[in-house]
Every structure is written in structure tokens, then in C-alpha cells.
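Chain and residue survey
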4 protein chains.
Amino acid sequence: MKEIAAEMAQRPDRGEVATYIPELARVDAKSFGLVVIGAEGHVAAGGDSETLFSIQSISKVFTLTLALGRAGNRLWRRVGREPSGSPFNSIVQLERERGIPRNPFINAGAIAVTDLILSGHRPREALGDILRFMQFVADDPSIMIDEAVAASEQRTGFRNIALANYMKSFDVLENPVDFTLGVYFHHCAIAMSCRQLAMAGRFLAHLGRNPSTGLSVVQPESARRINAIMLMCGHYDGSGEFAYRVGLPGKSGVGGGVLAIAPGKASIAVWSPGLDANGNSHLGRVALELLTKRMGWSIFGA
Amino acid sequence: MKEIAAEMAQRPDRGEVATYIPELARVDAKSFGLVVIGAEGHVAAGGDSETLFSIQSISKVFTLTLALGRAGNRLWRRVGREPSGSPFNSIVQLERERGIPRNPFINAGAIAVTDLILSGHRPREALGDILRFMQFVADDPSIMIDEAVAASEQRTGFRNIALANYMKSFDVLENPVDFTLGVYFHHCAIAMSCRQLAMAGRFLAHLGRNPSTGLSVVQPESARRINAIMLMCGHYDGSGEFAYRVGLPGKSGVGGGVLAIAPGKASIAVWSPGLDANGNSHLGRVALELLTKRMGWSIFGA
Amino acid sequence: MKEIAAEMAQRPDRGEVATYIPELARVDAKSFGLVVIGAEGHVAAGGDSETLFSIQSISKVFTLTLALGRAGNRLWRRVGREPSGSPFNSIVQLERERGIPRNPFINAGAIAVTDLILSGHRPREALGDILRFMQFVADDPSIMIDEAVAASEQRTGFRNIALANYMKSFDVLENPVDFTLGVYFHHCAIAMSCRQLAMAGRFLAHLGRNPSTGLSVVQPESARRINAIMLMCGHYDGSGEFAYRVGLPGKSGVGGGVLAIAPGKASIAVWSPGLDANGNSHLGRVALELLTKRMGWSIFGA
Amino acid sequence: MKEIAAEMAQRPDRGEVATYIPELARVDAKSFGLVVIGAEGHVAAGGDSETLFSIQSISKVFTLTLALGRAGNRLWRRVGREPSGSPFNSIVQLERERGIPRNPFINAGAIAVTDLILSGHRPREALGDILRFMQFVADDPSIMIDEAVAASEQRTGFRNIALANYMKSFDVLENPVDFTLGVYFHHCAIAMSCRQLAMAGRFLAHLGRNPSTGLSVVQPESARRINAIMLMCGHYDGSGEFAYRVGLPGKSGVGGGVLAIAPGKASIAVWSPGLDANGNSHLGRVALELLTKRMGWSIFGA
């Protein structure tokens, strides 16, 4: 890990840090962290592995997990599970398919999933549930929401407000749009380190159970299926590229983080804030490509 | 395999057999075949495992393999590797992306790949190369093209003619459109049995080598990457569904066949001519879902 | 006019009354009104010519006029003047063209125009300006906003909220989205009779001047251009049909009203609440077709 | 006319001459011609009014007229009459609307109209009919097809071949695609001067009759409707702009010609080969804007 972190530190190609809110814009573009946690719980870390960053869309993996646990297959009435073939914030597909988002990992889909978690609860409760779930899977009660990030997102998130109201016009959302978006903007603003994130992903690498605590999070079938959706849709319109180069299920966030899963082998978190044209961490992908190749972890043959 | 074949024989839900050409329309909707070939070369077969059927789009896996061998990464200048988010014969994406198809497994992409194989050769030679390559990977010189199917496709393939001319208008095709389409229609008309198809797929399950003959077809890296593209794009706009339910790289054809790969473990061919709304074999998918579950072969965790 | 009103009273094909808000849904589907005001100010009326109805999108003709007066050609930086080729509330075109609506008569375009009128004012002032302008052009200070309609629109207008936030995400709107939409929903809720509406349209028929009062509303050039935009875009995706059958510039509203202009000859208002598939008054169009034919008023040759 | 021609000769902004075939590319960019024929048959000419140019899409006005005469309203089962909101050669709309082109003046629509004229005839006969019709309406038997242009179009017209095959795949075309396209490419290659073109348009300005010869070409109703379609769709995605600035029904061709109709007053032909971004003659539009303003000919008020 240290080796890869050192290599990454020297790469001149770093992509562009997200600038749409000041909290993301002021992150140091040179940051790089990598943590791999193996089946036995051994932690290998490199770079800024303890620095907190905004997990942004990576939270969608955990809200999907939570929503599947609550609603089961009813969830799929509100959101599909196909790649979208379009950018993360596209609204075109929603018009063609009457407000049903293509998958839970594009913005519209994650908003629909959030709305389902919210149903029957107050926003504050729903958000508490999500945060406690994250603390539970990461086995770390210190994980928090960065309120400044949440407030900035809420102030400038016109595109997401548009997506949510558009779905609402098709009755795909049940709750008041403001409530749903409030919860959405806040869970995207959870701050975690690579170490915490890799911990949180362990149940996906091990058939739904955290192998250290022994606690079951979801059924094995669900863990497999969440991994499948991560592979197909986890990097927006760069998902094919990620599958082709890295060969692992993964989910990126605009804060520069990526969670990747080597089923049966490891949970991996990487962070480098510079983004490529599709809004995915550039060096994050490069580092994961190196890592899978060296470890022979590709799910497509080893 | 016999058990699964027997279960499938009793299922009332069979989908609709393709009817756009008479040769496909007259196939018995009740046909079902399944062949699994393990790492050691053991063949397990059930149902109509020796009946020839039209492999149609499954040929695209092999033309992609051949083209990658010839052109290497140059191939990716002409075709992308992202899921399309649209039906197999959509032309909308081509307009938006200036004639570059999204991936090698939608029709437009496979036509672009065929054009690349054709370059520098006469249509007859290129077609001979493709057929001999198929015979080589399947280790079976008896594999042939069904000329009646090819002729029917050519007579009625207006949509494919449109796609090809559209790409030609953006200079994405090098050869005369008629030549490229002639080769394309013919390689889609290759007839194979489940046994032959499962044999042909073995190099993809075993890092590019046929473990029985020991002959290398492609580099390990290429085999992994072809598997990745199969998973992401192999079932058109039902690729997410296939990944979610089956959890294996696979490629379907409108003739009702599916080739699926369990990396390191098995090459699998299934055939049932009834299709679902996305044009993929309905019982083929159901049978593969049963099979992966029983065998614990999902690439997303076992 | 009475003759045409009588004919219309017997037509069985009436279209469907808009039902998305209760205030529109409870209008009598059998209502029909028609008023024609000639160059000399002679008023010919038939049917329910004095009944107030919700003018809805017809207000967009007057906000465009007001905005052109204030901003001149600067207006065209925020909105185009081409037919959209899509339904009145489509968001697809906005994604492709970075938030710039195609024309001032689709919802997005009218919201952008409203935002321009609002700039530098408070919502209440801007709304007062619009209402006073309407009273001025109609020479009738009794024209009012139906607050119940405005409140219903505001409560259920998720699609419009989506459109506005979407444009805001591209910086096409200057003001807070809620303010702009508040003004928009209210001016769409102006209630007028056919007589009042035909009066209000007179300046468009007579080169920008009201021939009775002699007061100039806009330059002749502007009147011609507003008529041109009405012809091209006034009936959403049924504008071609209206031009083909009626041959006059016209603007429809979902309340069932239509304002049509016979340049140099007459200002015409018709009202029948049943709508066709494009959201335009069905009998309104039929009546106007009869009228233009009998009077020889088509702008395409007489 | 001479005055306007002189003004145009000095304008530095001339647009770009079409270069997709050599025959168009080698036309002198400085050419400019203008001919106006009034109701009494008086001809006013300026500039290169006798030079032949390729009328290209302007031929679509005449094939529409011919097809309406033959098929009447049956024509509208194959083609719509709404503006397309997209470029002249877009295929996107065809996918959404199952092969039915939006209007007779985009390429796909004109190909569908040509197919209808062809039905029941051989290509050579159909082409003869079209050419004779053009000679008849222009009262000039010397009008010919430029075979070199037709041959070039046929050799390079991949986009049109795509459009035609695409429609064929939806059964919108009846005849073999090659036959229909052969006739299409040839009628677009008719060569005419401004004088001939203005002569040919006279029936549209005068309710379907040529006022000099007294011969009736179409019913008054049809002439009005063709004018309406010209206004709505005659300049592709620049039709709104043309209506806004010029205020007359008009049809442009990629050869730089425009036919414009002042109903009841004049038939106008202008030619300047430099095109704007929408593929319409740039100075042609400018000259027509000047002309209508000076003559007070706008159909939107004078």
C-alpha cells in the first residue's frame, strides 16, 4: 500500500478537484489515501489513510443497503438496476421513463432510495438511522456528518432539487421534496477516512457479514446483488471503464473517494480528490488498477 | 444439468421466439439445451445440447476477441466500452456521440468491429478468418454458417443498414458498407450447439487459454477484459438484470442462446429460443440463475 | 359568431378538460365562447363570451410583450425563438441546450421571461406590473388573478419547480426560484372572459397600437415579431397543426382559451375547456378553422 | 432589387459554402442573385439572377405539392407537419416516433414524400414526372437535372441512406430504398436560376394559380397549407428565426437558394451560397429581411 501511495504521490496527472461548493474546492489536490482490509481483518494502509473526506455518493451504497433491508424487493418499483448510459445528474432518462430512475447510484435514484428510507419517519430520525447504520457497519461511533458541506449542498443543489421535483411530478417520491432532499444532502455529507470506509465495506466483501465482529448486516444474496449494482452502475458513465480496468465492484464519490470490493478477499478504500471527466477520482482508479493487477483480485479471472 | 433441463421443460413462461426472419420463427419454442464444461474439461449436458441454433449476437464475443488480437487498443478509437442504456438497435446514441458506438455488443458496435476485421481483406477472406477462428476456439472444424439465415438477415436488415450508413457518414467505417454488412450478417448466422458454444468459450474462463488443448487464444489481461465487457454490456438493456440475478459475464443472442463464463471454473452455454422484452433468452437467464446459485459461482461473492 | 357558437354547441367531440387542479377540473366541459373584434372596434360575440376562465399560458404572450419592452433584445440571451418539437413541459431540450429554453411559450421559456420581469423588483411589484399591463392592454381595470387557481398551481406544480431549478442550475434564472415561480403561477392564474381577452390582443392585430384608444403598446416591428413567435410556438407540439388548419398566429392555454390574431383585421378570443392530446383547446381550434375559412383571414393567402 | 444586390455585394459576412460534394464546394462564394415577381407578372431582378444553382431542398416544396395532388390527405399517414426542433438530418426523432418523419421538409420527410410519388412507377418515370412538374410550374421546359451533382450526392449520401433504411425498417417506405433515394438525390440536383425559381413559386403566392398563364396548379386551400408548412418547417432548426426576421413562408436549400412567398403579392427567389450554422443561406435571409421590411410584406402585420 505504501508503495502504491508513493507511486501515486509522483503522478503529475491528478484530474480536477470538484469546485461547486467551497468545502470541496479547498481540499488539497495532492491528498492520497489507500486502505485495504483483508479477510482476517489485517489493515494495510498508505498515504493519508486517516484524513476525513466527504464521502458524497459513496453513501448511496449504504442507503441502498438500508433501504433493501427495510423494503426488500418493493424498492425496485421505484428505481431500476440498469446502467444509465448518461451522466450522474441527467434528467433526460427520467422524462422517457416516467420518473423512475435507472439505478440507485445516479443522483435521482439515490434520492428515490432516500425517500423510501424517510417514509414513516421524520427527516431527523431518518438521518439518524442512516448515520447509526454507517457507524454500525464501520464499527465506529465517531463517524459524523459535516454540516458545512450539507448546508452548502442544500444552498446550491438546484439540479438535485430539479430531479426530485421531477420525480415528485410522477408520484415517485412520497414525502415532501424538501424533507427528502434534506436527508439526501446530509447523508452525502458524511465525512470518513479511508480506514473507516474500508471497515464499512467489509460486509460486502464477506457475504453480508463483518468477519471480525461476526455481525450479519444483510443476507449473502443481498451482498452479492449490491456488489453487482456497484459494478454495473457505481461509476456513472465511467462504469464500463472501471470494470474493464479494475475489475472490481466499486462506488465513487465526487469528494474523490472510492470504495471497492474484492469478494471473499478484501474491502478497499482509496481517496484522491482530483476527478476525471465522468466525476470519478482519477488516481483512485489508477491506484485500484495497479492494486488488483498485483494482487490478482479481478473478478473476471485470476 | 439434467435436473435443471427437466425443471425448465416444465416452466410455462417461455417468452416470445424471434419472428423477424422465417428461419428463426420456425424454431421449436420448447427447445432447451444446457452444457457446462468445467476446468478439467468435464462436460455436463442437459436437454437439446447437440441441436444447432443460430448464435446471432453471441458471435460478437468472438469477433471482438479477434479484432482485439489484430488491432489491440486501436480498436477503442472506433467503439466505446460503456453500457448503452438503450436497446440493441438504437441509433439515438450514435447521433449524440458522432457515430462512435457505445460498446462492441450493441449492433452498431459489432458492425464497427467487423469493419475493422475486414480492413485490408476481401469480405470472403474476412468471413473465412472469423469462421476458422470460431472452429479453432471450439476445437471443432465442423462449425458452419447457415446461409439461409444470412440471406434472410441481409434481405430484411434495414435497421442494421441504417446503423452502418450512419456510422459511415461519420467515417467510423472504412470499408464499403455492403462489404462490412455482408460479413456481419454472415458471422451472426453461424450455427452451433450448446456443446460447441461452451467449448468455444473455455478460453474466457481460463485466462485466455484452452486448458484441454493448452493453446493460448489471448493474453490473460484480454480474457479478463472481454469478460468485463460481457458483464457490462452482454445483455443490452437487460445487462444490469443479468448481473444482478446471475452474477456472471454473459452474452445473449436473439436466437435464444447465451454464453456465460464462470472465471476459473466453467464455460456455460444455454439455449431456449423464447425471448424477454429486452431480446434476451428468458429461460436461459432463469436456468443460469439456478445454476450459479446451486454452484456458488457468482463473481460477486461465494 | 352566434352561428359558429351554435355549431360548436352540437359537436360531440370536445376533448378532455384539464384535471390536474380542482379549479380547472370543475369547469363545465360544454362551455364555449367566441369574440371577434375588428379593426374599427366592432365586437362580434357568441356563446359564453362574458364568462371568466383561467387564461393560463395565454398570459405568456403578455409577459413576453412586457419583457421585450423592458429588456429588448437582451431577452434572447435567456430564451430562444425556435419551435421546440416537444411537449410544453419537456425538460430534455434543456439538458441538451444547457438550460436555455427553446422559446418563450413553453413553460421553461415563460418562467425565464418571468424571471427577467422580476429582476430588480419584489415578487408583489412584478406581479402588480403584469396585472396592470394586462388591464391596460385590455382597457379594463376589473381584470383580476384567481388566487385559488394560483394556490393550487403552486401546491402541485412539481414539474414547473423542476424546470425552474434546472434552469437555475445553469444560471439562466437570476432570482430565487420561489420568487420567480410565485410570479409565474400567479400570472397564469389571471381570469378573463373572451371579450376581455380579444380586447387585450388588439395591439397585436394593429401594429402595436390599440386602434380605439390610439395608445401604442409596442413598436410595429415588435408586434409582428410576437405574432411570428405565436405562430411558430403558440400551440406547443401542435403549432404546425394550428398553422396548417387555422393559418393565424395564436396562443392557447390549458384552461381552454385561445387568443388568435388576424393581422390588420381582427383580434379573436375563443374558449372551450376540452383539450386535445397536445393540451390545446379542441373546439377552440375547430371554431377558429371555420372562422378563418369563412372570413378569408389566413395569413397564407386569401 | 439592384439596390439590395449592391448592398449584399459589400457585406463581409457571407457564411460558409457547403463543401460535402465538390460540385457545391466550387461555387463562387460571392455569387448573389435576387428576383421578385409581382402579382401582375412584373419581374424585378438583381445580381446573378440568371445563373443556375443547385436548388437542393427547395425541390421539396414541389415534390410535396405533387404528392399532395396525388395522394391528398393520405400523405399525412407517412409524414407529420410539425417543426422538428432538430437539425435537417437528425435521426433521433425517427426512433422516438417509429419512423414517421416530423415534416416533409427535413430530409427524412422529403424521402418519404418521394417514396409516395414513386409508388406505382419506375424511378425514371417518377423523376420525369417531378422534372416535368417543375418545368410546368416554372413555365420553362429548359429546366434540367445536374447529373454530376446527383451522382456526387448518391456517392456520399450515407446519412440519407441511413435515414431511408431506418424508415424502411418501420415500413414507412414502400419502394426499394435504392429506388427512392435515386429519385430523391436527382430531384435535389435540379439546377435553376433565381428567375426560374421565382417563376415556379408563383402559384403559391396566388392561391394555387399562376396568374400569368391562368393555369391552376393546386386548390387555394392546398396553396395556403403548403405556405404554412414552409413557414413552420422551411428552414430546419432556423425556421423560428426566419419567421421572426423575415415574416414570410420560405424554403431554403444547401446550395444557397431560398424561395419565399408573399401571399397575394409576390414570389421571391434569392441565392447566396454561404450558409449559416443551420444550413440556410446567410445573405439570402439578410436580403429577404431587408426586402420585406421595405415592401411591408410581412404576413404578421403591415
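Residues numbered from 1 in each chain as written. Chains lettered and ligands numbered in written order. Predicted model: local features only at pLDDT ≥ 70, side-chain atom pairs only at ≥ 80, totals over all residues.

1. As for the interface of chain C and chain A
Across the boundary between the two partners, chain C contributes 12 residues, which contact 12 residues of chain A. Those elements giving two or more residues to the side of chain C that touches chain A turn out to be α4 (92–96) and α8 (158–169) of chain C. The leading source of residues in the side of chain C that touches chain A is α8(C), at 8 residues. Of the residues in the side of chain C that touches chain A, the class split is 6 nonpolar, 3 polar and 3 charged. (Contact = placed C-beta atoms within 7 Å. Helix = DSSP H or I, 4+ residues; strand = E, 2+ residues; numbered from the N terminus. Nonpolar A, V, L, I, M, F, W, Y, C, P; charged D, E, K, R; others polar.)

2. What to know about the confidence of the model for chain A
Reading fine detail from the predicted coordinates is not recommended where pLDDT is low. For chain A, the mean per-residue pLDDT works out to 94, and 99% of the residues sit at or above 70. As scored by the predictor, the complex reaches a pTM of 0.92 and an ipTM of 0.93. (pLDDT = per-residue confidence, 0-100.)

3. Things to note about the domain arrangement of chain A
Residues and elements named next belong to chain A. Taken domain by domain, chain A holds domain 1 (2–54 + 193–295) and domain 2 (57–190). Residue-level contacts link 31 residues of domain 1 with 31 residues of domain 2. Breaking the side of domain 1 that touches domain 2 down by element, the ones donating at least two residues are α2 (22–25), α10 (194–200), α12 (220–233), β7 (250–252) and β8 (257–262). Take the side of domain 1 that touches domain 2: its biggest share by element is 6 residues, from α12. Counted by class, the side of domain 1 that touches domain 2 contains 17 nonpolar, 11 polar and 3 charged residues. (Domains from an automatic or database assignment.)

4. Here's the deal with the environment of A:Glu7
The topology assignment puts A:Glu7 in helix α1 (residues 2–10). The sequence separation of A:Glu7 and A:Leu116 amounts to 109 residues, and the corresponding C-alpha distance is 43 Å.

5. Thoughts on unusual backbone geometry
One can expect most non-glycine residues to show negative phi and most peptide bonds to be in trans. Of note, B:Gln56 is a non-glycine position whose phi angle comes to about 50 degrees, a positive value. Counting through the fold element by element, B:Gln56 comes out in the loop between β4 (53–54) and α3 (59–71). Taking the C-beta count within 10 Å as the criterion, B:Gln56 has 23 such neighbours and is therefore assigned buried. One non-glycine residue with positive phi stands out, namely C:Leu207, at about 55 degrees. The exposure class assigned to C:Leu207 is buried, which follows from the 21 C-beta atoms found within 10 Å. (Buried ≥ 20, exposed ≤ 12 C-beta atoms within 10 Å, placed from the backbone.)

6. Brief notes about the interface of chain A and chain B
With 34 residues of chain A at the interface, the matching set in chain B holds 34 residues. Listed by contribution, the elements that provide at least two residues to the side of chain A that touches chain B are α12 and α13 (239–245) of chain A. It is α12(A) that provides the largest number of residues to the side of chain A that touches chain B, a total of 10 residues. Partitioning the side of chain A that touches chain B into residue classes produces 16 nonpolar, 11 polar and 7 charged.

7. Re the relation of the copies chain A and chain B
Copies of the same chain, two in number, are related to each other by a rotation about an axis and a translation along it. For the pair chain A and chain B, the relating rotation is 180 degrees, the translation along its axis is 0.0 Å, and the fit reaches an RMSD of 0.0 Å. Given the turn and translation reported, the copies of this chain are related as if by a two-fold rotation axis. No C-alpha of chain A lies nearer the rotation axis than that of A:Gly85, which sits 2.2 Å from it. Of all interface residues in chain A, 100% are interface residues in chain B too; the two copies therefore contact each other through one and the same surface. (Least-squares fit on C-alpha atoms with pLDDT ≥ 70 in both.)

8. Remarks on the pairing of strand β9 (residues 266–271) of chain A
Two faces, one strand: in a regular strand the side chains alternate between the faces of the sheet. All names here are of chain A. Burial within β9 is extensive, with 6 of its 6 residues counted as buried. Side-chain alternation along β9 places Ala 266, Ile 268 and Val 270 on one buried face and Ser 267, Ala 269 and Trp 271 on a second face that is also buried. Of the pairings in the sheet, the one linking strand β2 (residues 33–38) to β9 comprises 6 bridges and is antiparallel in character. By the bridge assignment, Leu 34 is partnered in β9 with Val 270. Here 6 bridges tie β8 to β9, and the two strands are oriented antiparallel to one another. Of the residues in β9, the one forming a bridge with Ala 262 is Ala 266. What sits between the antiparallel neighbours β8 and β9 is a turn of 3 residues, in which Gly 264 has the positive phi angle 80 degrees. (Pairing = 2+ DSSP bridges.)

9. Some points on the sheet that holds strand β8 (residues 257–262) of chain B
All names here are of chain B. Pairing within the open sheet is antiparallel, and its 5 strands lie in the order β3-β2-β9-β8-β7. Where the open sheet ends on each side, the last strands, each with one partner, are β3 (43–47) and β7 (250–252). Neighbour to neighbour, the strand axes of the sheet diverge by 10 degrees on average, direction disregarded. (Axes fitted to C-alpha atoms, helices over the stretch in contact; angles between N-to-C directions.)

10. Description of the relation of the copies chain C and chain A
For the pair chain C and chain A, the relating rotation is 180 degrees, the translation along its axis is 0.0 Å, and the fit reaches an RMSD of 0.0 Å. The fraction of interface residues of chain C whose copies in chain A are also interface residues reaches 100%, indicating that both copies meet through the same surface.

11. Concerning the packing of α3(B) against helix α12 (residues 220–233) of chain B
Residues and elements named next belong to chain B. Between α3 and α12, the shortest axis-to-axis distance is 11 Å and the interhelical angle comes to 140 degrees. Our classification of the angle between α3 and α12 gives oblique. In this structure, α3 crosses over α12, and the sense of that crossing is right-handed. Mapping the contact onto sequence places Val 61, Leu 64, Thr 65 and Leu 68 in α3 and Ser 222, Ile 226 and Met 230 in α12. By residue class, the composition of the contact of α3 with α12 is 5 nonpolar, 2 polar and no charged. (Parallel < 35°, antiparallel > 145°, perpendicular 65-115°, else oblique. Left-handed = near helix turned anticlockwise from the far one by under 90°.)

12. Things to note about the sheet that holds strand β8 (residues 257–262) of chain C
Either a parallel or an antiparallel arrangement is found when strands of a sheet pair, and the pairing is made through backbone hydrogen bonds. All names here are of chain C. Strands sit in the order β3-β2-β9-β8-β7 across an open sheet of 5 strands; the sheet is antiparallel. Unpaired on one side and paired on the other, β3 (43–47) and β7 (250–252) mark the two borders of the sheet. Here the average twist between neighbouring strands, direction ignored, is 10 degrees. The strands touched by helix α1 (residues 2–10) within the sheet are β2 (33–38) and β3, with β3 carrying the most contacts at an inclination of about 20 degrees.

13. A few points about the packing of helix α3 (residues 59–71) of chain C against helix α6 (residues 123–138) of chain C
Residues and elements named next belong to chain C. Running from N to C, α3 and α6 cross one another at 105 degrees; their axes reach a closest spacing of 10 Å. Taken together, α3 and α6 sit at an angle that is classed as roughly perpendicular. Where α3 abuts α6, its residues Phe 62, Thr 63 and Leu 66 lie against Ile 130, Phe 133, Met 134 and Val 137. Of the residues that constitute the contact of α3 with α6, the class distribution is 6 nonpolar, 1 polar and no charged.

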